[in-house]
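Topology and contacts: notes
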Amino acid sequence: METTDSDKHWYVVLTRTNSERKVRDYFQLQEVDTFLPVQNRVIEREGKRIERERLLLPRMVFVHISRQEMAAVRSTLNVYDFLRDRSTGAPTCIPDAQMADFRYMLDYSQDQVILTGESIPKGTRVVVAKGDLQGLRGELVRYNNKYHILVRIDMFGSAMVTIPASYVRKEK
């Protein structure tokens, strides 16, 4: 499949420290499709349980843009650069299917999502058949003696969440 400069793809924008939310909000005002990977977690402080939003990938915001829009995005206040391929120097494009699975996992998982850069052996391709993540496609792997559904993301490693093995079925 041939791509043109007007085709939209997912890219990672590197931001200045603690500017991720500002950059996301600005892009949303400009009607740019963005994704900021966050997860809520409960912490205890002075005997009170507080729910806090935690950035999973600090200093990074995902944007769905065309090559024509890159210069405008790059020149945005608090944007440092794009995440680039070390061998070519070109901005790294994240495949749409990987982004869709990653977003789905973060949006619907009740458990903490684990991001790891570890090299994890390939698992069995599965589809979640029941539970909060029903419909999610990924790999069933054993990690720290528990079953996880794993989604590989180019340039980042893997995102995974604990899941009972009985909730998945082999992908056809």
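Residues numbered from 1 in each chain as written. Predicted model: local features only at pLDDT ≥ 70, side-chain atom pairs only at ≥ 80, totals over all residues. Heavy atoms only, no water.

On to the overall build of the chain. Counting its regular elements, the chain contains 3 helices and 13 strands. Projected onto the principal axes, the alpha-carbon positions of the chain cover approximately 55 × 45 × 30 Å. Counting every position in the chain, which comprises 172 residues, the buried fraction comes to 41%. Of the accessible surface of the chain, which amounts to about 10600 Å², a share of 45% is contributed by carbon and sulfur atoms. Distance between charge centres in the chain, computed from 27 positive and 23 negative side chains, equals 6 Å. (Helix = DSSP H or I, 4+ residues; strand = E, 2+ residues; numbered from the N terminus. Buried < 20%, exposed > 50% of the residue type's maximum accessible area, 1.4 Å probe, protein only. Areas by Shrake-Rupley, 256 points an atom, 1.4 Å probe, with all protein chains shown as cover. Lys, Arg positive; Asp, Glu negative; His and termini not counted. Charge placed at Lys NZ, Arg CZ, Asp CG, Glu CD.)

Here the focus is the UniProt feature "domain: NusG-like N-terminal" (unreviewed entry) in the chain. The positions UniProt marks with the feature "domain: NusG-like N-terminal" (unreviewed entry) are residues 8-103. Secondary structure across residues 8-103 divides into 24% helix and 42% strand, with the first and last C-alpha atoms of the span separated by 17 Å. (UniProt positions renumbered as here; feature names shortened; annotations may be inferred.)

Another point: the pattern of salt bridges. Considering all chains together, one arrives at 8 salt bridges under this definition. Of the charged contacts in the structure, one is a salt bridge between D25 and R24, with a shortest N-O distance of 3.1 Å. Between D81 and R84 there is a salt bridge whose closest N-O contact spans 3.2 Å. Exposure remark for D81: the relative accessible area of 17% places this residue in the buried category. Residue classification places R84 among the partly exposed positions, given a relative accessible area of 33%. Taken together, the shared-partner salt bridges in this structure form one network comprising R74, D81 and R84. (Salt bridge = Lys/Arg side-chain N within 4 Å of Asp/Glu carboxyl O.)

What follows concerns the nonpolar core. By size, the foremost hydrophobic cluster in this structure holds 28 residues, and its most contacted members are V12, F62, I94, M105, I149 and F156. For this core, the elements supplying multiple residues, two or more each, are β1 (8-15), β5 (60-66), α3 (96-108), β9 (124-128), β11 (146-153) and β12 (157-162). With 4 residues, α3 is the largest single contributor of residues to this core. Built from parts of two domains, this core gets at least three residues from each of domain 1 (7-92) and domain 2 (94-168). When sequence neighbours within four positions are dropped, the list of residues in contact with M105 reads V113, L133, L136, I149, V151, A159, M160 and V161. Judged by nonpolar contacts, the second largest core, of 15 residues, contains V23, F27, V38 and V79. (Core = buried A, V, L, I, M, F, W, Y, C linked by side-chain atoms within 4.5 Å. Domains from an automatic or database assignment. Contact = heavy atoms within 4.5 Å.)

Under the domain assignment, the chain is made up of domain 1 (7-92) and domain 2 (94-168). Contacts between domain 1 and domain 2 engage 20 residues on the former and 12 residues on the latter. The contact between domain 1 and domain 2 buries some 1500 Å² in all, and 66% of this surface belongs to carbon and sulfur atoms. Per-residue buried area on domain 1 facing domain 2 is highest for W10, F35 and Q39; these three make up 41% of the total on that side. Counting across the interface, domain 1 meets domain 2 through 0 salt bridges. Our count for the contact surface shared by domain 1 and domain 2 stands at 3 residue pairs in polar contact (both at pLDDT 80 or more). Breaking the side of domain 1 that touches domain 2 down by element, the ones donating at least two residues are β1, β2 (33-35), β3 (38-45) and β5. The biggest single contributor to the side of domain 1 that touches domain 2 is β3, with 4 residues. (Buried area = accessible area lost by both parts, 1.4 Å probe. Polar contact = N/O pair within 3.5 Å; in protein donor to acceptor, adjacent residues only side chain to side chain.)

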